[in-house]
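# Summary of the model geometry
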Amino acid sequence: MTETKQQYGDPMTYPIWEAAARYELLIQHCKVCGHYQFYPRPFCLNCDSDQLEWKRVSGDATVYSKTTVHLKIAPEFDPPYVVALVELDEGPRMLCNIEGGAAEIGDRVKLAWREREDAPPLPIWMPA
Amino acid sequence: MSKTDVYIVGAAETPLGEVYDHSAYSMVALAAHEALDEAGLSIRDVDGLFINYMGEEGTVQLGEYLGVYEPRYVDSTDVGGGTFLTFAHHAMLAIQEGRCEVALIGYASRQRSLRLRSAQWKQSVLNNMEQFETPYGIPVPIGHFAMATARHMYQFGTTREQLAEIPLAARKWAQLNPKAWHRDPLTLDDVMNSRMIADPMRRHDCCLITDGGGVVIVTGADRARDARKKPVRVLGAGESQRTWHISQIPDIVETPAVESGRDAFGMAGVAPADVDVLQAYDAFTITPLLAIEDLGFCEKGEVGAFVQGGRTAPGGDFPLNTSGGGLSYCHPGALGMLVLIEAVRQARGEAGARQAPDVEIAVAHGIGGLMSSAATLILACD
Ligand SMILES: [Zn+2]
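Think of each chain on its own: its residues are numbered from 1, step by step along the sequence as written. Lettering for chains starts from A, numbering for ligands starts from 1, and both go in the order in which the items are written. Under the rules for a predicted model, residues below a pLDDT of 70 receive no local features and side-chain atom pairs below 80 are neither given nor counted, while totals for whole chains, interfaces and linings still include all residues. The basis for the side-chain values is all heavy atoms of the structure; hydrogens and waters are excluded.

### Some thoughts on the coordination of the zinc ion
Residues and elements named next belong to chain A. Using the following cut-off: In this description, a donor is an N, O or S atom within 2.8 Å of the metal centre, a cutoff extended to 3.2 Å for sodium, potassium and calcium. Water is not part of the atom list, which can make sites seem incomplete. Four donors are marked tetrahedral only if all angles between them lie between 85 and 135 degrees, whereas four are marked square planar and six octahedral if opposite donors are more than 155 degrees apart and the other angles lie between 65 and 115; the remainder are marked irregular. Here a helix means four or more residues in a row that DSSP labels H or I, a strand means two or more in a row labelled E, and each is numbered from the N terminus. For every residue, the accessible area (1.4 Å probe, protein chains only) is compared with the maximum for its type, and the residue is labelled buried under 20%, exposed over 50%, or partly exposed between those bounds.
Summarising the metal site, the zinc ion is bound by the protein donors Cys30 (SG), Cys33 (SG), Cys44 (SG) and Cys47 (SG), whose distances to it range over 2.3 Å. Coordination at the zinc ion is tetrahedral: its four donor atoms span angles of 105 to 114° at the metal. Donor residues for the zinc ion, ordered by position in the chain, follow C-x2-C-x10-C-x2-C. On the criterion of sequence distance, the pair formed by Cys33 in the loop between strand 1 (25-30) and strand 2 (36-37) and Cys44 in the loop between strand 2 and strand 3 (52-57) is long-range, its members being eleven residues apart. Looking at Cys44, the relative accessible area reads 1%, which means it is buried.

### Details of the sheet that holds strand 2 (residues 48-51) of chain B
All names here are of chain B. The condition that has to hold: In this description, strands pair whenever DSSP reports at least two bridges between them. Only C-alpha atoms enter the line fits that serve as axes; for helices the fit covers just the stretch in contact. Angles between N-to-C directions range over 0 to 180 degrees. The contact rule is simple, with two residues in contact once any of their heavy atoms fall within 4.5 Å.
Strand order in the open sheet formed by nine strands is 3-2-4-7-1-8-11-10-9, with mixed pairing between adjacent strands. Strands at the two margins of the open sheet, each flanked by one partner only, are strand 3 (73-75) and strand 9 (277-280). Averaged over all pairs of adjacent strands, the angle between their axes in this sheet comes to 20°, without regard to strand direction. Bridge analysis of strand 2 against strand 4 (residues 102-109) gives four bridges, and the strand direction is parallel. For Gly48, the partnering residue across the bridge sits in strand 4 and is Ala103. Relative to strand 1 (residues 6-13), helix 1 (residues 24-39) is tilted by about 135°, and along the sheet it contacts strand 1, strand 4 and strand 7 (212-220).

### Remarks on the interface of chain A and chain B
The test is simple: By definition, the buried area sums, over both parts, the 1.4 Å-probe accessible area that each loses when the two are put together. Each reported salt bridge corresponds to a side-chain nitrogen of Lys or Arg within 4 Å of a carboxyl oxygen of Asp or Glu. Side-chain atoms alone can form a polar contact between residues adjacent in sequence; in general such a contact is a pair of N or O atoms within 3.5 Å, and within protein one must be able to donate a hydrogen while the other accepts it.
Chain A puts 38 residues into the contact, and the matching count from chain B is 31 residues. Summed over both partners, the interface of chain A with chain B comes to about 2,900 Å²; 61% of that surface belongs to carbon and sulfur atoms. Looking at the side of chain A facing chain B, the largest losses of area belong to A:Tyr64, A:Ile73 and A:Leu95, adding up to 21% of the total buried there. Scanning the region where chain A abuts chain B turns up zero salt bridges. Counting across the chain A and chain B interface gives 17 residue pairs in polar contact (both at pLDDT 80 or more). Elements with a minimum of two residues in the side of chain A that touches chain B: helix 1 (14-20), strand 4 (61-69), strand 5 (81-88), strand 6 (93-97) and strand 8 (122-127) of chain A.

### Some points on the domain arrangement of chain A
By a widely used convention, the size of an interface equals the accessible area lost when the partners come together. Residue and element names in this part refer to chain A. Applicable threshold: A domain assignment, automatic or from a database, supplies the domain bounds used here. Under the convention adopted here, Pro, Cys and the residues Ala, Val, Leu, Ile, Met, Phe, Trp and Tyr are nonpolar, Asp, Glu, Lys and Arg are charged, and Gly plus all remaining residues are polar.
Split into domains, chain A comes out as domain 1 (1-57) and domain 2 (58-128). Each of domain 1 and domain 2 has a C-alpha centre, and the two are 21 Å apart. When the buried area of domain 1 at its contact with domain 2 is split by residue, Tyr23, Leu25 and Val57 rank highest and sum to 45% of it. If you look at where domain 1 meets domain 2, you find zero salt bridges. Applying the counting rule to domain 1 against domain 2 returns three residue pairs in polar contact (both at pLDDT 80 or more). For the side of domain 1 that touches domain 2, the elements supplying multiple residues, two or more each, are helix 1, strand 1, strand 2 and strand 3. The class makeup of the residues in the side of domain 1 that touches domain 2 is ten nonpolar, one polar and two charged.

### Topic: the sheet that holds strand 1 of chain A
Residues and elements named next belong to chain A. Spatial strand order, 2-1-3: three strands in an open sheet with antiparallel pairing. Each edge of the sheet is formed by a strand with only one pairing partner; in this case those strands are strand 2 and strand 3. The sheet contact formed by strand 1 and strand 3 spans six bridges and is antiparallel. By the bridge assignment for strand 3, Gln28 is matched with Trp54.

### Looking at the packing of helix 5 (residues 142-156) of chain B against helix 10 (residues 286-294) of chain B
Residues and elements named next belong to chain B. For clarity, the cut-off: If an angle is under 35 degrees, it is roughly parallel; if it is over 145, roughly antiparallel; if it lies from 65 to 115, roughly perpendicular; otherwise it is oblique. Left-handed describes a crossing in which the near helix is turned anticlockwise from the far one by less than a right angle; the clockwise case is right-handed.
Between helix 5 and helix 10, the least distance of the axes is 10 Å, while the angle of their chain directions is 55°. Put simply, helix 5 runs oblique to helix 10. The handedness of the crossing between helix 5 and helix 10 comes out as left-handed. Contacts between helix 5 and helix 10 pair Phe145, Ala148, Thr149 and His152 from the former with Ile286, Thr287, Leu290 and Glu293 from the latter. Here the residues of the contact of helix 5 with helix 10 are counted per class, giving four nonpolar, three polar and one charged.

### What about the side chain of B:Glu293?
Residues and elements named next belong to chain B. With respect to the helices and strands, the residue Glu293 is situated in helix 10. Taking the relative accessible area as the measure of exposure, Glu293 reaches 5% and is therefore buried. Polar contacts involving the side chain of Glu293 include one to the side chain of Lys300, which spans 2.7 Å. The residues touching Glu293, leaving out its near neighbours within four places in the chain, are His152, Val253, Cys298, Glu299, Lys300, Gly301, Glu302 and Val303.

### Topic: the packing of aromatic side chains
Test applied: Note on aromatic pairs: the rings of Phe, Tyr and Trp (six-membered ring only in Trp) are paired at centre separations within 6.5 Å, and the planes decide the class, stacked below 30 degrees, edge-to-face beyond 60, tilted for the rest. Think of it as a cone above the ring: NZ of Lys or CZ of Arg counts as a charge over the ring if it is within 6 Å of the ring centre and within 35 degrees of the ring normal.
Tallied over the entire structure, the rule returns 15 aromatic pairs over all chains. Measuring from centroid to centroid gives 6.3 Å for B:Tyr53 and B:Phe84, while their planes differ by 80°, and the two rings are edge-to-face. In this pair, B:Tyr53 sits in the loop between strand 2 and helix 2 (58-66) while B:Phe84 sits in helix 3 (residues 83-96), placing the two residues 31 residues apart along the sequence. Relative accessible area serves as the criterion here: at 0%, B:Phe84 is assigned to the buried category. Taken together through their ring pairs, the aromatic side chains of B:Phe50, B:Tyr53, B:Tyr73, B:Phe84, B:Phe87 and B:Tyr107 make up a single cluster. The positively charged end of A:Arg93 is found above the aromatic ring belonging to A:Tyr64, 3.6 Å away from the centroid. Lying across the ring of B:Phe306, B:Arg311 places its NZ or CZ 4.3 Å from the centre.

Spelled out as structure tokens, the structure:
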């Protein structure tokens, strides 16, 4: 019988959250074609290869789009707050919050982390 | 009529707005009888069922309720609010293959009277949303369309005044539709200063939350001859889908209408310039605007100038969402059914005060999910 340990995420994503506990952002990288992909899959979406590795990235990114949410959608969210899609310099986009100042579409942003009680730190972004 | 031609022979709304005297199932039963009456058919003739968003195993539950026993073909495709247009495509193919003769597409929701709507997504352990999207508090699908709007403004210089053409035109059409939910006058000032929901989208950029639904009956040339109203031929149909997670959208200002439109127009052998009236799912102001571009009515990025000056309003030369749409007429959670019904009525020329002039070709276009799917139908009377 295989011993299983309680991990955050799922069998494909838990390395991202293990790294998040060290405030590091991991993105899957294809050793064959160089494609970076988020979220992780067992195969490269660009070339079908299974030769994938984890690479730590800086998180340097550009704002692709954003919205300031004024709607109260759940008790844990306190509007107004900024929800954005940022495009990592390596290519993939991630949904996030932008905190610590204003950033418009096209602006440079950098990685930050939000502590959570019941889960690993959450990657967010702030103005560069 | 050729042997392989497929027709919409019945189209009826359920009770709309705020419905307290019917269940969702009895609402569908009412619309089914009205649509089948238009078709000159009865529930006993139905041998194909196309149902979703009516509970688990929706074709089984609703089939039992309606008394459609032992249908030969059923389909509960789930691609979001435009699924009913996808169903029409599937029904066409099933009928052409002889797998069924009379297809019933049905839907109703009491999301308003039962207060079912939430902007927070249902959690799922099957996808990555819970890990990578839900923690950021994105309202769904409002946030998706808000970011599409913001990006369109950034990339193409689309202005708030240009965007406002859509809710303003919707309200003017709704004023011509006795069944519309909002019929009071709406000004540019009202739109521009309404409550901010998710920047740059304000209250009047977001669809209604109402009860409603409908039934559409699809059949082949043989049975279409019995129809009591003009049968509406499906000239072309197309569908596609792209993404679920917002991070995976390849280009947030482009939708799979590119693919559904390409296939629908290709099958029909007509071009966007031949279209006389367009019903394009308006969940939000930006939704029909992206459809206009992606279906090829104008170039990508140019829709702001394209709709300017009241072109999509009554009297304009590009009539759009003539019922008043999801913004002013009705949005029962899944609007595609009502998009299709209005396109049928426009194609028949029976829309009364809101009838677009000289309609030969009507287009119904649906979207669904989280900017996920698209389906397009090209319709005409013979
Ligand atoms: Zn690769």
